[in-house]
Amino acid sequence: MLTTELRFRLIAFGVLAALVWFAYGPSLSHVARSDQIAYLADIHGEDSLMKLTLGSSSFTRTRHFSPGDFLLYRPVIYWILGFEYWLWGYHFEAWQLVGILLHLGVVWTVFCILRKFQLRRAAFALSACLAVLTAGIELVTWHHLHGYLIFLLFFLGSFFGLFDHVESGQTRGTSLLLVAFLLFAACLTHELGCLWAIIFAAFLWLTHPSIHAPLAKKPAALPRSTAFLLLVPVLLYAILSFYDYHRHAFSPQNEVSFHFSWIEFGINYLKSLAWWICMGIFSVPSEWTSSPLEGTKFIPSAIVLRPLFPLVFAAVAVVIPYWIFRQIRASPQSSPWKKWRILIILLLGAYVALLDFGRFMPRSLGYIFRNLNCAYFVWLLLVLFAGCWLTEMKTRRKCIRYPIQNAIYGIIALWIVWNAFQLRELNQKRAQMDRPLREMLSQTSSLVAAHHADPGFCFYVPPLGIFEPTQGLAKTRRSTGKSVHARGAYFFTILFRGSSAIHLERKPLG
């Protein structure tokens, strides 16, 4: 016999999976784009699993096509991409399916955390909102960002373990070890994991039972110093990244330098946060860019956003300082959920600060509006915050009356359905745009596979210069006897130039 809880979870999972599939099913027909094209061109022809995974730990510092981001050390991301390339090759429907399943995994993990908060209908409603968040489409459908979704799974797993450890009175050593392990995996996937691990360690230190009233007739809590265990992943990551960075001996001209202004940083901080919040609520997807070099062109409704964005910006600029002031003045024992709300806000604040400092300040404010995948991170944390707030309202018996509750859930349901149809339509548009490219790649791949062993056969596409190696790197490749075109640039130049530019020639391979 199925218990009530298990039956509820099965139904919730089925509905969430159906929502995700309805919205993202058409994306199975998408092809690679943007950074993923450069990545596949760089590793094309490599069939060694070891080189594609462990051998690609330093990919941001060794890649030949579209070099950049050399300050970043994200080995797990490139282990994942390399493993996927080894499995799927150029079967892009498989790449896309992985992205959809990872997204469903994130949504389901959020649902499980919200159930841990003792929410029921709200847990499903908030998870469904995240499942069909229109501003999250870029993170789900861009193959190159699969590592970000896996990072979020590591983070959510560590958050779940931290919640279990703290709510048990910090007595469960196994939960803490699991949190440390997942944080280390998160650090190796995205440098944001280091910042969040420091916040977790501080949170664990400040919420230790020894600070408050002793726990009577309960198991003794672990020593307060165990909070430092969560800093071990940060230290290990710093050592590995420092060693890897200096192993490649970068020249001074590769260093990033920019003028920093606290005023500009603060303005960008509020603008970026307000923009991602606004996009999650009011965005109306219009069209994709025609070039696969670009990510998602997400055009919000000017009628809606132009008057609303300044209002959201003003609200963020006023509400955040006021909320911080209220939290400082409130009693530490005012609510058992206060500490979790503060933790989530600190995680959100650290994420936006890291992006503003590391990504947007060296570039321009316009870079904020072109990175829609950031909205996924922001709204995931806002969903967790909303869960904490709703649970606190329940514990204080400040529940909204049922007629009003039902009306709110009805509005949320309509919003979910609207977003699901918007996402499906946008994915169908992209699939239709990619259809000629899919057919062309299929025909070209079949031709090359059929004739690659013929004496003197060579498939050649004139280079564009875009995503080509720098001159020095090209010389290095020629010195190793590996042709740039034989390395794979030819395959993806098709995407840039179109069928009229393809040339199939029989040439001596020399």
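Residues numbered from 1 in each chain as written. Predicted model: local features only at pLDDT ≥ 70, side-chain atom pairs only at ≥ 80, totals over all residues. Heavy atoms only, no water.

**Section: the environment of Tyr245**
Working step 1: Summarising the element assignment, Tyr245 is placed in helix 12 (residues 232-247).
Working step 2: Tyr245 sits in the buried class, given a relative accessible area of 15%.
Working step 3: Taking the C-alpha atoms as reference, Tyr245 lies 7.8 Å from Arg61; in sequence the two are 184 residues apart. (Helix = DSSP H or I, 4+ residues; strand = E, 2+ residues; numbered from the N terminus. Buried < 20%, exposed > 50% of the residue type's maximum accessible area, 1.4 Å probe, protein only.)

**Notes on the nonpolar core**
Working step 1: Residues Phe155, Leu162, Trp196, Phe200, Leu230, Trp340 and Leu380 are the most contacted members of the largest nonpolar core, which totals 122 residues.
Working step 2: Each residue touching Leu162, except ones within four places of it in the same chain, is listed here: Val179, Phe200, Phe203, Leu204, Leu230, Trp340 and Leu343. (Core = buried A, V, L, I, M, F, W, Y, C linked by side-chain atoms within 4.5 Å. Contact = heavy atoms within 4.5 Å.)

**Describing unusual backbone geometry**
Working step 1: Look at Gln118: it is not a glycine, yet its phi comes out positive at around 70 degrees.
Working step 2: Secondary-structure assignment places Gln118 in the loop between helix 6 (92-116) and helix 7 (121-131).
Working step 3: At Gln170, a position not held by glycine, the phi torsion is positive, near 55 degrees.
Working step 4: Its place among the elements puts Gln170 in the loop between helix 9 (146-167) and helix 10 (173-189).

**Quick notes on helix 6**
Working step 1: Taking 1.5 Å as the rise per residue, helix 6 with 25 residues should run 36 Å; its terminal C-alpha atoms sit 36 Å apart, in good agreement.
Working step 2: Among the 25 residues that make up helix 6, 19 are buried, leaving the element largely enclosed by the rest of the structure.
Working step 3: Immediately downstream of helix 6, the backbone of Gln118 shows phi near 70 degrees, a positive value. (Expected span 1.5 Å × (residues − 1).)

**Things to note about the packing of aromatic side chains**
Aromatic ring pairs are reported here in terms of the distance separating the ring centres and the angle at which the planes meet.
Working step 1: Under the counting rule described, the total for this entry stands at 26 aromatic pairs.
Working step 2: Geometrically, the ring pair formed by Phe203 and Trp340 is tilted, given 4.9 Å between the ring centres and 50 degrees between the ring planes. Residue Phe203 is found in helix 11 (residues 192-206), and its partner Trp340 is found in helix 15 (residues 338-360); the two are separated by 137 residues along the sequence.
Working step 3: Since its relative accessible area comes to 8%, Phe203 is described here as buried.
Working step 4: A ring pair is formed by Tyr351 and Phe377, whose centres lie 4.8 Å apart and whose planes are at 5 degrees; its orientation type is stacked. Here Tyr351 is found in helix 15, whereas its partner Phe377 is found in helix 17 (residues 373-395), with 26 residues between them in sequence. For the pair shown, Tyr351 and Phe377 are each scored as buried.
Working step 5: Its end group placed over the ring of Phe8, Arg120 keeps NZ or CZ at 4.1 Å from the ring centre. (Phe/Tyr/Trp six-rings, centres within 6.5 Å; stacked < 30°, edge-to-face > 60°. Lys NZ or Arg CZ within 6 Å of the ring centre and 35° of its normal.)

**Focus on the pattern of salt bridges**
Working step 1: This model, assessed by the stated rule, comprises 9 salt bridges.
Working step 2: Between Arg9 and Glu5 there is a salt bridge, and its shortest N-O distance comes to 2.6 Å. Of this pair, Arg9 and Glu5 are both found in helix 1 (residues 4-24), 4 residues apart, which corresponds to roughly one turn of the helix.
Working step 3: By relative accessible area, which is 26% here, Arg9 ends up partly exposed.
Working step 4: Between Arg61 and Asp244 there is a salt bridge, with the nearest N and O atoms lying 2.7 Å from each other. Of this pair, Arg61 sits in helix 4 (residues 59-62) while Asp244 sits in helix 12, and the two are 183 residues apart along the sequence.
Working step 5: Assessed through its relative accessible area of 9%, Arg61 is described here as buried.
Working step 6: Given a relative accessible area of 3%, Asp244 falls into the buried group.
Working step 7: Bridged by salt links that share partners, the residues Glu5, Arg9 and Arg115 form one connected network. (Salt bridge = Lys/Arg side-chain N within 4 Å of Asp/Glu carboxyl O.)

**Considering helix 12**
One full turn of an α-helix is made of 3.6 residues, so residues set three or four places apart face in the same direction.
Working step 1: For helix 12, with 16 residues, the first-to-last C-alpha span of 23 Å sits near the 22 Å given by 1.5 Å per residue.
Working step 2: Along helix 12, the positions that sit buried rather than exposed are Pro233, Val234, Tyr237, Ser241, Asp244 and Tyr245. All buried residues of helix 12 project into a common sector of 105 degrees when viewed along the axis, lining one side. Turned more than 90 degrees off the buried face of helix 12, the exposed positions are Leu235, Phe242 and Tyr243.
Working step 3: Contact partners of the buried residues in helix 12: helix 4, helix 10 and helix 11. (Arc of directions from axis to C-beta.)

**Concerning the confidence of the model for the protein**
Low pLDDT means the predicted atomic positions in that stretch should not be read closely.
Working step 1: Residues with a pLDDT of 70 or more make up 70% of the protein, whose mean pLDDT is 77.
Working step 2: Least confident of the elements in the protein is helix 19 (residues 471-479), whose mean pLDDT is 34; most confident is helix 6, at 95.
Working step 3: Note that pLDDT drops below 50 for residues 300-304; the model gives that stretch 7 contacts with residues more than four away or on any other chain.
Working step 4: The model gives residues 461-510 a pLDDT under 50, and that stretch makes 102 contacts with residues more than four places away or in other chains. (pLDDT = per-residue confidence, 0-100.)

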